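# Descriptive analysis of the structure
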Number of protein chains: 2
Amino acid sequence: MTFSSKLIEKAVEAFASMPGIGRKSALRLVLHLLKQDKSTTEQFTAALTAMREGIRECRVCHNLADSEVCQICADARRDRSLVCVVESIRDLMAIEETSQYRGLYHVLGGVISPIEGIGPSDLHIETLEERVKQGEIREVIMAISPTIEGETTIYYISKKLRPLGVQVSAIARGVAFGGDLEYADEVTLGRSIVARVPYEAK
Amino acid sequence: MTFSSKLIEKAVEAFASMPGIGRKSALRLVLHLLKQDKSTTEQFTAALTAMREGIRECRVCHNLADSEVCQICADARRDRSLVCVVESIRDLMAIEETSQYRGLYHVLGGVISPIEGIGPSDLHIETLEERVKQGEIREVIMAISPTIEGETTIYYISKKLRPLGVQVSAIARGVAFGGDLEYADEVTLGRSIVARVPYEAK
């Protein structure tokens, strides 16, 4: 793509450097900003700058926070005896979306992956142990992706936590709700038979 | 989507206000910026601010420009006897991409559309007439979309320009190169038979 303006070219390149945005989409975004008032661009860049400058990591759970402690950790209505361990902030948000969980979180920042050179010390496991040692936490729920790295991480953390006298659980796995059995993958379907649960008529 | 951070929420809303970006994609872009250094966000917002503040409209052809006259109008190697009339800057870019045209442009800024309340005076038609009156232009090529509004615009402009003694032409229309005849729409196929051209063996 050729541009008759260096300013346009640089703005298009800026957008195109973002994940999932190609040069054609980037151009569309730039032309959109040009059609709007200057204030639109000002508000857009101001929101990003404020976010990037102001955002912090929650001192307790490593969630993104506007202040020292995130809104979830600071919320008195949350059940402080439950901690859900997640890989990333995105997973935390996905669980929050369900509105089914009212405990606290702990964001690991990844999973143990020898191939990518990520060991336990690269993750927020030590701070999780410290939180558990404080005694208020009754149960730690592992909500980690069921990959080999995820399973390794769950195993490692549970080994660390069990001596502290805390209950460690993992989120239920099986065939998805609304999913067709014939389309479920073999491993999931096989394990969901092995791990069958008593049926309770409601 | 619920956010535990107001800063994140505002940044996501800023991205989601752009065309073609939903809230999920917006969140992905925000988390991408958070993963990178602060300088990435600074460069990104600086490029957009510089673009929005610095961009001008070419005094001659209404193309986007970094200075008073755009790079195309200022290019001495361009054929100054040819002017291609386009609806938008995007169409100009599309023609530039083909590398088949070495004349100048004139960006109308839209087409005549009574339904949308766009009359000839809302478009850059007067400045086109003035350019033609200066005498250097030999041919004006209408590269306008073949819609009813487009045809109206072509008709209106050609009526205005013909008395000035300039050749007015329109880009060729017909079945697309590489296109299957059976998939061409009836109007295009019908007109391409009526407007058949002598075949020249190469």
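Check the entry above for the structure.
Just so it is clear, the structure is predicted and the values come from calculations on it, not from any experiment.

Sheet strands line up and pair through hydrogen bonds in the backbone, either parallel or antiparallel. Residues and elements named next belong to chain A. Spatially, the four strands line up as an open sheet ordered S4-S3-S5-S6, and their pairing is parallel. Taken across any chain shown, the strands that pair with only one partner, and hence form the sheet edges, are strand S4 (103–107) and strand S6 (167–170). Across the sheet, the mean angle separating the axes of adjacent strands is 25° when strand polarity is ignored. Judged from the five bridges that link them, strand S3 (residues 79–86) and S4 form a sheet pairing that is parallel. Each residue of the ladder has a partner; that of valine 85, found in S4, is histidine 106.

Facing 50 residues of chain B, the contacting portion of chain A comprises 50 residues. Both sides of the chain B and chain A interface together cover about 4,900 Å² of buried area, and 69% of this is carbon and sulfur. Among the residues of chain B in contact with chain A, Ser4(B), Leu7(B) and Arg52(B) are the three that bury the most area, contributing 14% of the side total. Its salt-bridge partner being Glu53(B), residue Lys38(A) comes within 3.9 Å of it at the nearest N-O pair. Counting the contacts that link chain B with chain A gives ten residue pairs in polar contact (both at pLDDT 80 or more). Counting residues per element, the ones that place at least two in the side of chain B that touches chain A are helix H1 (6–16), helix H2 (23–35), helix H3 (38–54), helix H4 (71–74) and helix H5 (89–98) of chain B. Here the side of chain B that touches chain A gets 13 residues from one element, more than from any other, and that element is H3(B). Residue composition of the side of chain B that touches chain A, grouped by class: 25 nonpolar, 13 polar and twelve charged.

Turning next to the relation of the copies chain B and chain A. In the superposition of chain B on chain A (RMSD 0.1 Å, axial shift 0.0 Å), the rotation amounts to 180°. In short, the pair behaves as if placed about a two-fold rotation axis. Proximity to the rotation axis, assessed at the C-alpha, singles out Thr45(B) in chain B; its C-alpha lies 2.6 Å from the axis. A share of 100% of interface residues in chain B that are also interface residues in chain A marks the association as one of identical surfaces.

The rules behind these values
Residues numbered from 1 in each chain as written. Chains lettered and ligands numbered in written order. Predicted model: local features only at pLDDT ≥ 70, side-chain atom pairs only at ≥ 80, totals over all residues. Heavy atoms only, no water. Pairing = 2+ DSSP bridges. Helix = DSSP H or I, 4+ residues; strand = E, 2+ residues; numbered from the N terminus. Axes fitted to C-alpha atoms, helices over the stretch in contact; angles between N-to-C directions. Contact = heavy atoms within 4.5 Å. Buried area = accessible area lost by both parts, 1.4 Å probe. Salt bridge = Lys/Arg side-chain N within 4 Å of Asp/Glu carboxyl O. Polar contact = N/O pair within 3.5 Å; in protein donor to acceptor, adjacent residues only side chain to side chain. Nonpolar A, V, L, I, M, F, W, Y, C, P; charged D, E, K, R; others polar. Least-squares fit on C-alpha atoms with pLDDT ≥ 70 in both.

Interpretation in functional terms is not warranted from these geometric data alone.
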